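# Remarks on the overall topology
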Amino acid sequence: MLTSLVDINSKSFNHANINNFRKINCFFGTNGAGKSALANYIFDNDRDHSICFDTKFVENNMLVTDSNDSVVTGVKLKVGKQVDDQKKINSLNSQISDFEKSINDKNQKLFQFKNNLYSILKMQLQEARNQFQVNNIHQKPNAKENPVQALNKWLQEPELTTKVELNNVSDINKQIDHLQVNINLQKTILVKISEINFKELQKDLETVIVKPNSKISQVLLSWINKGIELHKITENGPVETKKCLFCGNTFNSEDVASKYFPLLKSEYSKWINRCSDKMKELSSLIDDLTKNYPSEEKYLKVKDILKRINKLLEEKVQNTEELIQIPETLKSDFNSIVLKIRESFEQNNDKFNDLQKIKQKIENYTKSWIGQKLRENRACVELKENITNLESENKNDNSEIEKMRKQIASIKASQSNLMPFLSLCNHKFESIGLRLKLEIDPNETGYLIKEINNEPLHVSDLSEGERRILAFMIFFYEMRNTKEDIKQDTKIIIIDDPITSLDAENSYEIVEMINQLIREVQGVKRDIQLFIFTNSSRAFHDIGYFDLKQSVIKRWVINKDEKGLSYVKHLENNEYFNRSDYYKQIFNEVANFAFLSRSKVESQNNGLLYCNKARILIESHAYSNYNIANATSATANFSTLMEVYNIPSEKNDIFRKDLDIINGNSHGSSNVDNLILEENYDAVSIQRAIRDIIGILNCKDSEHVGCMLGSMLDKNKSGLLKGWSDKWKK
């Protein structure tokens, strides 16, 4: 057990000694007296076996944030290890965010680099097309999306070894196009010529066809056939009276059908139609040859043969009963010319293929040329290197992100059961009538602090008292193995300012929890100590109120001397029973400064330290006795102060200046040890103003001042006090 501390050198402590600690120790001290310095010193003395409730504990073990709901129904709460885990998660998420930002920045560079590289590939291809007049060479696949891959494919093209004569590339393309057209025409003509059947043609020319009526000609049959179709007359159709579309006369459809269909179906009619079709085909072929080959000899011969065949058919149609023979010379001429056309067709095909091979050779050369140009392009090489490096970095960054996400998942998976703390808090909240309740956060490990009636709740809605109670619940939970048992390895429990900024009701709950802990520690047989520090006079007396004789709890006071150094002294019972500890302590500190000699005041130059305390004295006295709020800072109160403290009218300006000195140098400065005083208000001026205030208070209520200063007032100091007071008597 820790019984004493020797040679304490921490913050405002300078070679201080404290002896005879007990199992339970309670310290009182004003703000800035040195409470936290001593608490930290005790904690640092045995960190492995100590637990300390202070601002750091709250920061490290409680985290409250608004939930992400659009309608906030609860506040997120992280407790104990969850806070550390959440900090790790936040840190990992922050790193992930940094990596993602880095990846995004690099992606923007990649986008630019890829565009630049693609532009080079595109430009080099266009240059090759222009130089070599080759349009069939295309960019490598996915060049825009993956220009490095496209570049690598270009670089894989064979290196240039010989130079090809490329001056006639454009002519080659023209020849290929011309040959392609000619081949297609020849192919079409050959197909049509091959359909001419001389045996069938000779048979038609030899057949004797008797005309059924000499008045019926081929033209007339054609007109009849078209007229029947136009008037929609069928051979076995219904009997109808129709109107002629040409003359307007009416006729019977049955009469027309019975008269003309036999003619159309006659042998003559069929023969006439067949010959007519053949002549049309021959005329169409002659027209094609005239159009596409107006002067080429072999095609002129073909046209001549076709015309002679057509003429034979015309003669036969005119004299259907005449037997006509196709001349053998016509047949031989026809076969000879067809053979020539076939030979020409095959020659053109061979030439076309040869030109394609030459063109392919040129294209291969052009591809190699592009590859060579890209190899020699320094910007291209640098862009490839930059893109490759950035993509590699992004791959590594994404790998790190994946690792960190797995770490986050692992942290969340390892977090312990949430129910014990939830049950402990809700039981306590209910017992003290707090408006809050805890629920397990369904979205992540941790809790939701909710209003008991499920009203919307934000972090800003939590009072300081509610936060402090939550923090103290966490502290009580963290020091235990179970609800009843304090952890075995805990030897020192430190509670530093547990009720800072709390209202009376919440202060009471914290004090009761501390009293419960005192009884618990008192009953533990093993080596364990409790150190409690507070700046509240009320809490100092309420903590351990059941031990008035200090048989269990030893009480201490932390003060600062005139040099600003902290010291600790045991508080005897008769002093402990005086419940105005805070006010009395301040009064003593201010009086000690007032009684210093001028030389000490000038050498220490710490007058600013006492302005705030002097302000508290006059304001506390004015408020508690005369209900004057903000006595020193409200201008409207000055005349009232003059009246209640019986200030002589001729001292009006002096009193006003005293208040200005104290008030102007006090706000926010009570915890500052070393400040440069304003030029007009040096330490001696401040001491003079404080002496005036103490003299005024003594004139008004000498018994009160005597009670506050007690044994401090020896003969010398009593004389000084009388002199300060006489100055203000009317």
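In what follows, the structure referred to is the one given above.
Residues numbered from 1 in each chain as written. Predicted model: local features only at pLDDT ≥ 70, side-chain atom pairs only at ≥ 80, totals over all residues. Heavy atoms only, no water.

### What to know about the overall build of the protein
Helix and strand counts for the protein come out as 25 helices and 14 strands. In the protein, which comprises 730 residues, the share counted as buried stands at 45%. In the form shown here, the protein has an accessible surface area of approximately 39,200 Å², with 47% of it arising from carbon and sulfur atoms. (Helix = DSSP H or I, 4+ residues; strand = E, 2+ residues; numbered from the N terminus. Buried < 20%, exposed > 50% of the residue type's maximum accessible area, 1.4 Å probe, protein only. Areas by Shrake-Rupley, 256 points an atom, 1.4 Å probe, with all protein chains shown as cover.)

### A word on the packing of aromatic side chains
Summed over all chains, the structure comprises 23 aromatic pairs. Seen in terms of ring centroids, F21 and F531 are 5.3 Å apart; in terms of plane orientation they differ by 90°. Their pairing is edge-to-face. Placement of F21 in the loop between β2 (13–18) and β3 (24–28) and of F531 in strand β12 (residues 529–534) is noted, with a sequence separation of 510 residues between them. Here F531 falls in the buried class, since its relative accessible area comes to 0%. Between F472 and F476, the ring centres sit 5.1 Å apart and the planes meet at 45°, which makes this aromatic pair tilted. Pair noted here: F472 and F476 are both in helix α14 (residues 464–478), with a separation of four residues, about one helical turn. (Phe/Tyr/Trp six-rings, centres within 6.5 Å; stacked < 30°, edge-to-face > 60°.)

### Some remarks on the packing of helix α6 (residues 198–206) against helix α10 (residues 297–318)
At a minimum axis distance of 10 Å, the contact between α6 and α10 shows a crossing angle of 25°. On the basis of their axis angle, the class for α6 and α10 is roughly parallel. α6 and α10 meet at a crossing whose hand is left-handed. Where α6 approaches α10, its residues F198, L201, D204, L205 and E206 are matched on the opposing element by I309, L312, L313 and K316. Here the contact of α6 with α10 is composed, by residue class, of six nonpolar, no polar and three charged. (Axes fitted to C-alpha atoms, helices over the stretch in contact; angles between N-to-C directions. Parallel < 35°, antiparallel > 145°, perpendicular 65-115°, else oblique. Left-handed = near helix turned anticlockwise from the far one by under 90°. Contact = heavy atoms within 4.5 Å. Nonpolar A, V, L, I, M, F, W, Y, C, P; charged D, E, K, R; others polar.)

### Brief notes about the sheet that holds β12
One open sheet accounts for six strands, arranged β4-β11-β12-β3-β13-β14; its pairing is mixed. Where the open sheet ends on each side, the last strands, each with one partner, are β4 (50–53) and β14 (566–570). Strand-to-strand twist across the sheet, computed as the mean angle between neighbouring axes with direction ignored, equals 20°. As judged from the four bridges shared by β4 and strand β11 (residues 492–496), these two strands associate in the parallel manner. Note on β11: the bridge partner recorded for S50 is I492. The sheet contacts of helix α1 (residues 35–45) involve β3, β4, β11, β12, β13 (553–560) and β14, and relative to β11 the element is tilted by about 160°. (Pairing = 2+ DSSP bridges.)

### Some words on the environment of I272
Within the element layout of this structure, I272 appears in helix α9 (residues 267–292). Counting along the chain gives 63 residues from I272 to I209, while the straight-line C-alpha distance between them is 9.5 Å.

### Remarks on the environment of L470
By the element assignment, L470 lies in helix α14. Once the C-alpha coordinates of L470 and L77 are considered, the two residues, 393 residues apart in sequence, prove to be 9.7 Å apart. Leaving out residues up to four positions away in the same chain, L470 has contacts with M62, L77, F429 and I449.

### Regarding the nonpolar core
Grouped together as the largest cluster of nonpolar side chains are 62 residues, with contacts concentrated most on I193, L289, L306 and L374. Counting residues per element, the ones that place at least two in this core are α3 (81–132), α4 (147–155), α5 (169–194), α6, α9, α10, α11 (328–376) and α12 (378–414). For this core, the element with the highest residue contribution is α11, accounting for 13 residues. Beyond its immediate stretch of four places on either side in the chain, L289 contacts I189, P294, Y299, V302, K303 and L306. In this structure, V75, Y447, V459 and I493 belong to the second largest nonpolar core, which totals 56 residues. (Core = buried A, V, L, I, M, F, W, Y, C linked by side-chain atoms within 4.5 Å.)

### Notes on α10
Given a rise of 1.5 Å per residue, 22 residues ought to cover 32 Å, and the 32 Å separating the end C-alpha atoms of α10 matches this to within 8%. All buried positions along α10 are accounted for by K298, Y299, V302, K303, I305, L306, I309, N310, L312, L313, K316 and V317. (Expected span 1.5 Å × (residues − 1).)

### Thoughts on the pattern of salt bridges
A pair can form between side chains of opposite charge whenever their charged atoms are brought close. The full count for this structure, using the stated rule, is 28 salt bridges. Across the pair R405 and E100 runs a salt bridge, and its minimum N-O distance is 2.9 Å. Here the residue R405 occupies a position in helix α12, and E100 occupies one in helix α3, the gap between them amounting to 305 residues. Measuring nitrogen to oxygen at the nearest pair gives 2.3 Å for the salt bridge that ties K613 to E589. One end of the pair, K613, is in helix α20 (residues 608–626); the other, E589, is in helix α18 (residues 581–595), with 24 residues separating them in the sequence. Here E589 falls in the buried class, since its relative accessible area comes to 7%. Through salt bridges with shared partners, one network takes in E200, D204, R274 and K278. (Salt bridge = Lys/Arg side-chain N within 4 Å of Asp/Glu carboxyl O.)

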